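Below, each chain spelled out in residue letters.
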Amino acid sequence: MDGTASAAGGEIAFSFNGRRLTGRAGDTLAAALWRNGIRRVATTRKRHLPLGLLGASVSGNLARVDGIPNVRLDQVPLRAGAQVCAQNCWPAPGGDVTRALSLLPAPWLYGGFEHGALMPRSPRAFRLAEKVMSHLAGMADPPAPRPGQAVPGRRIEVDLLVVGGGVEGRRAANAAAAGGARVALVTRSAAGGTARDPARAAVPLAPQVQVFAETEVFGLYRGGEIVAAAPHDTTRGGLVFVPGRVVLATGRRAMPLLVPGNHLPGVIDARAALRLALDHGVAPGRRIAVFAEDACAAAELARRLAPSGASCVHAGPRAGLRRILGRSRVTGVEVGARLRCDCVIFAGDARPDPGLPFQASAAGCVHLRPGEIPARVALAGSCAGPVAPLALPAVLDDAAYVCACMDVTVGELRHHVARGITDLEVLKRLTSCGMGPCQGFPCWETMAAVVVQLAPQAVQRVPRPSHRAPRRALTVAQAAGMEGLVAPDVRPASGPEGGYE
């Protein structure tokens, strides 16, 4: 591979599993792979079933890039000579024998590989078995040792920090800037990525607002007195904000479809589909099926995707979808009749990510408990509104995935509920649901709704897990570069909230 970009058309050469490919300038690695027709990158943790690129699960976007494991391909820009490889394969991606686990009946692996009765008693044999099990369970090999150094971070003091670059976040930032306040806005989107949201494009940011694009807040500390963020570009240092006030305008995210086949490559949410089509000029699929809250919303989403070259074979309400067809990728949908398609796009039934509000309100030292959000932190926009119960199918199919990252199905939850286990924290520990890179969202919401439907009399309350920082990825180099930017918070060591935070 020559590792150079073609002058004509801005083509950039890279490789996937040793195969030479080309993308275009401005692509993410995920978009470049999709442009080349590559949908499958990863597998589920237990049975090694195919996971979709840009799907609802974070694990479907993880791969090894230039020797570094667990890189999110949808957040890393394509660069010349990048070497992308699927991970958790043995002995090689082209001949992965661990795929044989997909032939095992799903109940055999309920609870994963951690069955104490199956582990040998001899210390040497136990260590060997533990290594084998960790590999089968999807633990990526560590990177080769290499010299490294901290990426220096920045400390930024502002009067107002806005998290989220949508309409309400922009309005809050503009209003504060008009009053003479020092304002910073952090958004995970690209600076110019407003094509996916016409309403956002209609609210331009005031020039006084400092914008930190393609950056994600991973922690709120001391009730919002300290806010930490990390750019997606790992060559840039982390950011420590010291704000007078914080506005969380993080919006909502469409919940995955709870039907069989919802883990397959080619199942993506509307945000990812629009990013492919409008930001990168890549059709999500040749024949797409679109599902939203109602037929009108689905038709509008299909209309916006049409200029990319995607032909819509079906646009209808989420409730009409019965099954997604395919073995290694999407081949069709069942909506009364069976329709052929290569991509399923879903929207609707959206939920706000509870991670940052939990961090702002939580109290405790070892066990964090949610409390009242402090006055310095405010919620704005759709993330502040009431949330209706999840709309689940009337009859839950055991093959539907609740947590694709950790291979947890409706059938596994039904198995435990039938044994009288309905405590969500216990179910989380038994199944590992929500313990993957998604950090419990949206898997926890789906698990809670399924358990309520399976055992409505047994569930008295639905507590939330602890959403501890960091809630999103940052590198060791970025974390090291933030040392010294925050003074330690020393509090009396009496009571449950004593000690260091």
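On a predicted model such as this, the values are computed, not experimentally measured, just so you know.

1. As for the packing of aromatic side chains
Then, number 1: As enumerated under the stated definition, the model contains 1 aromatic pair in all.
Then, number 2: The interplanar angle of 80° and the centroid separation of 5.3 Å between the aromatic rings of Phe-212 and Phe-241 together place this pair among those described as edge-to-face. Of the two residues, Phe-212 is situated in strand β10 (residues 210-212) and Phe-241 in strand β13 (residues 239-248); the sequence distance between them amounts to 29 residues. Taken as a pair, Phe-212 and Phe-241 share a single burial class, namely buried.

2. Examining empty space enclosed by the protein
Then, number 1: Considering all chains together, one arrives at 4 cavities of 30 Å³ or more under this definition.
Then, number 2: Lining the second largest cavity are Lys-46, Arg-47, Ala-106, Leu-109, Tyr-110, Asp-407, Thr-409 and Glu-412.
Then, number 3: By residue class, the composition of the lining of the second largest cavity is 3 nonpolar, 1 polar and 4 charged.

3. Things to note about the environment of Gly-238
Then, number 1: Looking at where Gly-238 falls in the secondary structure, it is placed in the loop between β12 (226-231) and β13.
Then, number 2: Its relative accessible area of 0% is what places Gly-238 among the buried residues.
Then, number 3: Not counting chain neighbours up to four residues away, the residues in contact with Gly-238 comprise Gly-153, Arg-154, Ala-229, Pro-231, Gln-478 and Met-482.

4. Structural notes on the packing of helix α8 (residues 410-418) against helix α9 (residues 424-431)
Then, number 1: Close contact between α8 and α9 brings their axes to 11 Å; oriented N to C, the two are set at 125°. As the angle between them shows, α8 and α9 are arranged oblique. When you trace α8 past α9, the crossing you get is right-handed. Side by side, α8 and α9 meet where Glu-412, Leu-413 and His-416 of the first sit next to Leu-427, Leu-430 and Thr-431 of the second.

5. Digging into the sheet that holds strand β7 (residues 83-85)
Then, number 1: Sheet architecture is open: 5 strands sit in the order β2-β1-β7-β5-β6, paired in mixed fashion. Bordering the open sheet on either side are β2 (19-24) and β6 (68-72), each of which pairs with just one other strand. Adjacent strand axes in the sheet meet at a mean angle of 40°, parallel and antiparallel pairs treated alike.
Then, number 2: Sheet topology note: the strand β1 (residues 11-16)/β2 ladder contains 6 bridges and is antiparallel. Of the residues in β2, the one forming a bridge with Phe-16 is Arg-19.

6. Considering the sheet that holds strand β17 (residues 311-317)
Then, number 1: Read across the sheet, 4 strands follow the order β15-β21-β16-β17 without closing on themselves; strand pairing throughout is parallel. Two strands bound the open sheet, and with one partner strand each, they are β15 (267-269) and β17. Ignoring which end each strand starts from, the neighbouring axes of this sheet average 20° apart.
Then, number 2: Each of β15 and β21 (343-346) touches helix α5 (residues 270-279); the most contacted strand, β15, lies at about 90° to it.

7. Quick notes on helix α3 (residues 167-178)
Then, number 1: For α3, spanning 12 residues, the distance from its first C-alpha to its last is 16 Å, which sits close to the expected 16 Å at 1.5 Å a residue.
Then, number 2: If you check which residues of α3 are buried, you get Val-167, Gly-169, Arg-170, Ala-173, Asn-174, Ala-176 and Ala-177.
Then, number 3: Just past α3, the residue Gly-180 takes up positive phi, approximately 90°.

8. Quick word on unusual backbone geometry
Then, number 1: The residue after Phe-441, namely Pro-442, is reached through a cis peptide bond having omega 10°.
Then, number 2: Tracing the backbone through its elements, the reader meets Pro-442 in the loop between α9 and α10 (443-454).
Then, number 3: In this model, Ala-469 is joined to Pro-470 through a cis peptide bond whose omega is 0°.
Then, number 4: Of note, Pro-470 is situated in the loop between α10 and α11 (476-480).
Then, number 5: Despite not being glycine, Ser-432 has its phi angle at roughly 70°, a positive value.
Then, number 6: Mapped onto the fold, Ser-432 is located in the loop between α9 and α10.

9. As for the confidence of the model for the chain
Note that predicted coordinates carrying low pLDDT should not be read in detail.
Then, number 1: Taken as a whole, the chain shows an average pLDDT of 87; of its residues, 91% reach a score of 70 or greater.
Then, number 2: The low-confidence segment residues 1-8 (pLDDT under 50) makes 18 contacts with residues lying over four places distant or belonging to another chain.
Then, number 3: Below a pLDDT of 50 lies the segment residues 492-501, which in the model reaches 17 contacts outside its immediate sequence neighbourhood of four places, other chains included.

10. What to know about the pairing of strand β8 (residues 154-163)
Then, number 1: Alignment of β8 against β13, held across 9 bridges, turns out to be parallel. What sits directly across from Arg-154, in β13, is Leu-239.
Then, number 2: Looking at chain direction, β8 and strand β9 (residues 183-186) are connected through 4 bridges and run parallel. Paired with Leu-160 across the two strands is Val-183, which belongs to β9.
Then, number 3: In this fold, the crossover linking β8 to β9 by way of α3 has right-handed handedness.

11. Side note on the pattern of salt bridges
Then, number 1: According to the stated counting rule, one finds 15 salt bridges in the structure shown.
Then, number 2: A salt bridge links Asp-27 to Arg-35, with the nearest nitrogen and oxygen atoms 2.9 Å apart.
Then, number 3: Its relative accessible area of 3% is what places Asp-27 among the buried residues.
Then, number 4: Note on Arg-35: relative accessible area 23%, which makes it partly exposed.
Then, number 5: Put simply, Asp-159 and Arg-182 hold a salt bridge, and the shortest N to O gap is 3.2 Å. Here the residue Asp-159 occupies a position in strand β8, and Arg-182 occupies one in the loop between α3 and β9, the gap between them amounting to 23 residues.
Then, number 6: Given the relative accessible area of 30%, Asp-159 is considered partly exposed.
Then, number 7: With relative accessibility at 44%, the residue Arg-182 sits in the partly exposed group.
Then, number 8: Connected through salt bridges with shared partners, the residues Glu-425, Lys-428 and Arg-429 form a single ionic network.

The rules behind the values
Starting from 1, residues in each chain are numbered consecutively following that chain's sequence as written. Local features are withheld for residues below a pLDDT of 70 in this predicted model, meaning they are given only at 70 or higher, and side-chain atom pairs are given and counted only at 80 or more; totals for whole chains, interfaces and linings count all residues. To get the side-chain values, take all heavy atoms of the structure and skip hydrogens and water. Classification of ring pairs uses Phe, Tyr and Trp, with its six-membered ring standing for Trp, and accepts pairs whose centres are within 6.5 Å; under 30 degrees between planes counts as stacked, over 60 as edge-to-face, and the remaining range as tilted. For helices the rule is a DSSP run of H or I covering at least 4 residues; for strands it is a run of E covering at least 2, with both sets numbered from the N terminus onward. Burial here depends on accessible area, computed with a 1.4 Å probe over protein chains only, as a share of the maximum for the residue type. Under 20% is buried, over 50% is exposed, and the range in between is partly exposed. Cavities and pockets are defined on a 1 Å grid built over the protein atoms alone: a cavity is a set of grid points where a 1.4 Å probe fits but cannot escape, while a pocket is an open set with protein on both sides within 12 Å along at least five of seven lines, and lining residues are those with an atom within 4 Å of any such point. Grid points are joined across faces, edges and corners, and a volume is the space filled by probe spheres set on the points. Ten residues, namely Ala, Val, Leu, Ile, Met, Phe, Trp, Tyr, Cys and Pro, are considered nonpolar, four, namely Asp, Glu, Lys and Arg, are considered charged, and the remaining ones, Gly among them, are considered polar. In what follows, residue pairs with any heavy atoms lying within 4.5 Å of each other are defined as contacts. For every element, the axis is a line fit to its C-alpha atoms; helices are fit only across the contacting stretch, and the angle between N-to-C directions ranges from 0 to 180 degrees. Oblique is the label for any angle not under 35 degrees, not over 145, and not in the 65 to 115 range, which are roughly parallel, roughly antiparallel and roughly perpendicular in turn. Left-handed is the label given to a crossing in which the near helix is rotated counterclockwise from the far helix by less than a right angle, and right-handed is the label when the rotation is clockwise. The pairing criterion for strands is at least two bridges between them, as found by DSSP. In this scheme, a helix's expected span is set at 1.5 Å multiplied by one less than its residue total. The predictor attaches a confidence to each residue, and that confidence, scored 0 to 100, is pLDDT. The path from the first strand over the helix to the second decides the hand: if it runs clockwise while the strands point away from the viewer, the crossover is right-handed. Criterion for a salt bridge: a side-chain nitrogen of Lys or Arg within 4 Å of a carboxyl oxygen of Asp or Glu.

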